[in-house]
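Each chain, letter by letter, is given below.
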Amino acid sequence: GGFMLNNYGSLLVTGQTSLNQGTQNWINFYGGIMKFDMGLEINKNCALLNRGTITSLGNMTVNKDASFMNNNTVKVTGDVTLNNADFSNGGKFDVSGSFTVNGTSTFMNTCRLIVENGFTNNGSVTVFNDGLIWCPAAGGNSIVTIRGNTTITNNGTIKSVDLTNNGTMAGSGEWYLTGHTINTG
């Protein structure tokens, strides 16, 4: 049961979008365009798979027992927050705000994640990076922060000005840091 949406064309939502009220599976196929004018929230038992282009002109939140998978292009003009959710990026994911991973979320990046205002990893989270996580902003916003019982397994590249680490760092990847580094993990 539940609701399923398969998009092969264009979908424009002018209000706040929330996937909830039971099982929902949304698929944006290659060549498909989804635009959410007031942000996107994905809730329990809901999933969004992107193979096309998604634009969110606001925040994007993926909550407990929900999932988001990107295999092409996503642009979020606000913040991205994962709360005990599953996230996988195998394409280009560009965030104008911050990216925060909370609770027991699962995070996997195999391509390119660009975050303008900092990447923060909280809680009992394992971050798997086999691609590029890049925080390019200047003025104190280019920071990767690792807190709590957190492990970052980096076999790709993480690039930032600053790093604050209170967790565990593992892997054979590269850390490209040009500013202030605090490591107490």
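Read on for an overview of the structure.

**Focus on the sheet that holds strand E11 (residues 73-76)**
1) Next: The parallel open sheet is built from nine strands, whose spatial order is E2-E5-E8-E11-E14-E17-E20-E23-E26. Single-partner strands in this sheet number two, and they are strand E2 (10-13) and strand E26 (174-177). Taking each pair of neighbouring strands and ignoring which way they run, the sheet shows an average axis angle of 5°.

**Structural notes on the pattern of salt bridges**
1) Next: Within this structure, the stated rule accounts for two salt bridges.
2) Next: Of the charged contacts in the structure, one is a salt bridge between Lys-75 and Asp-94, with a shortest N-O distance of 3.7 Å. One end of the pair, Lys-75, is in strand E11; the other, Asp-94, is in strand E14 (residues 92-95), and 19 residues separate them in sequence.

**Considering the side chain of Asn-121**
1) Next: In this fold, Asn-121 is placed in strand E18 (residues 119-121).
2) Next: Setting aside chain neighbours within four positions, we find Asn-121 in contact with Val-101, Val-127, Thr-145, Ile-146, Arg-147, Thr-150, Thr-151 and Ile-152.

**What about unusual backbone geometry?**
1) Next: With a phi close to 60°, Asp-65 is a non-glycine residue in the positive phi region.
2) Next: Here the phi dihedral of Asn-84 falls at roughly 55°; this positive angle occurs in a residue that is not glycine.
3) Next: Summarising the element assignment, Asn-84 is placed in the loop between strand E12 (80-83) and strand E13 (86-89).

**Here we look at the nonpolar core**
1) Next: Core analysis: the biggest nonpolar cluster contains 37 residues, and Ile-42, Phe-68, Phe-93, Phe-99, Phe-107, Leu-113 and Phe-119 have the highest contact counts within it.
2) Next: Other than its neighbours up to four places away in sequence, Ile-42 contacts Leu-19, Ala-47, Leu-48, Thr-61, Val-62, Asn-63, Ala-66, Ser-67 and Phe-68.

**So, the state of the cysteines**
1) Next: Summed over all chains, the structure comprises zero disulfides.
2) Next: The cysteine Cys-135 is free of any disulfide, with Cys-111 supplying the nearest cysteine sulfur at 16 Å.

Rules behind the numbers
Residues numbered from 1 in each chain as written. Predicted model: local features only at pLDDT ≥ 70, side-chain atom pairs only at ≥ 80, totals over all residues. Heavy atoms only, no water. Pairing = 2+ DSSP bridges. Helix = DSSP H or I, 4+ residues; strand = E, 2+ residues; numbered from the N terminus. Axes fitted to C-alpha atoms, helices over the stretch in contact; angles between N-to-C directions. Salt bridge = Lys/Arg side-chain N within 4 Å of Asp/Glu carboxyl O. Contact = heavy atoms within 4.5 Å. Core = buried A, V, L, I, M, F, W, Y, C linked by side-chain atoms within 4.5 Å. Buried < 20%, exposed > 50% of the residue type's maximum accessible area, 1.4 Å probe, protein only. Disulfide = S-S within 2.5 Å.

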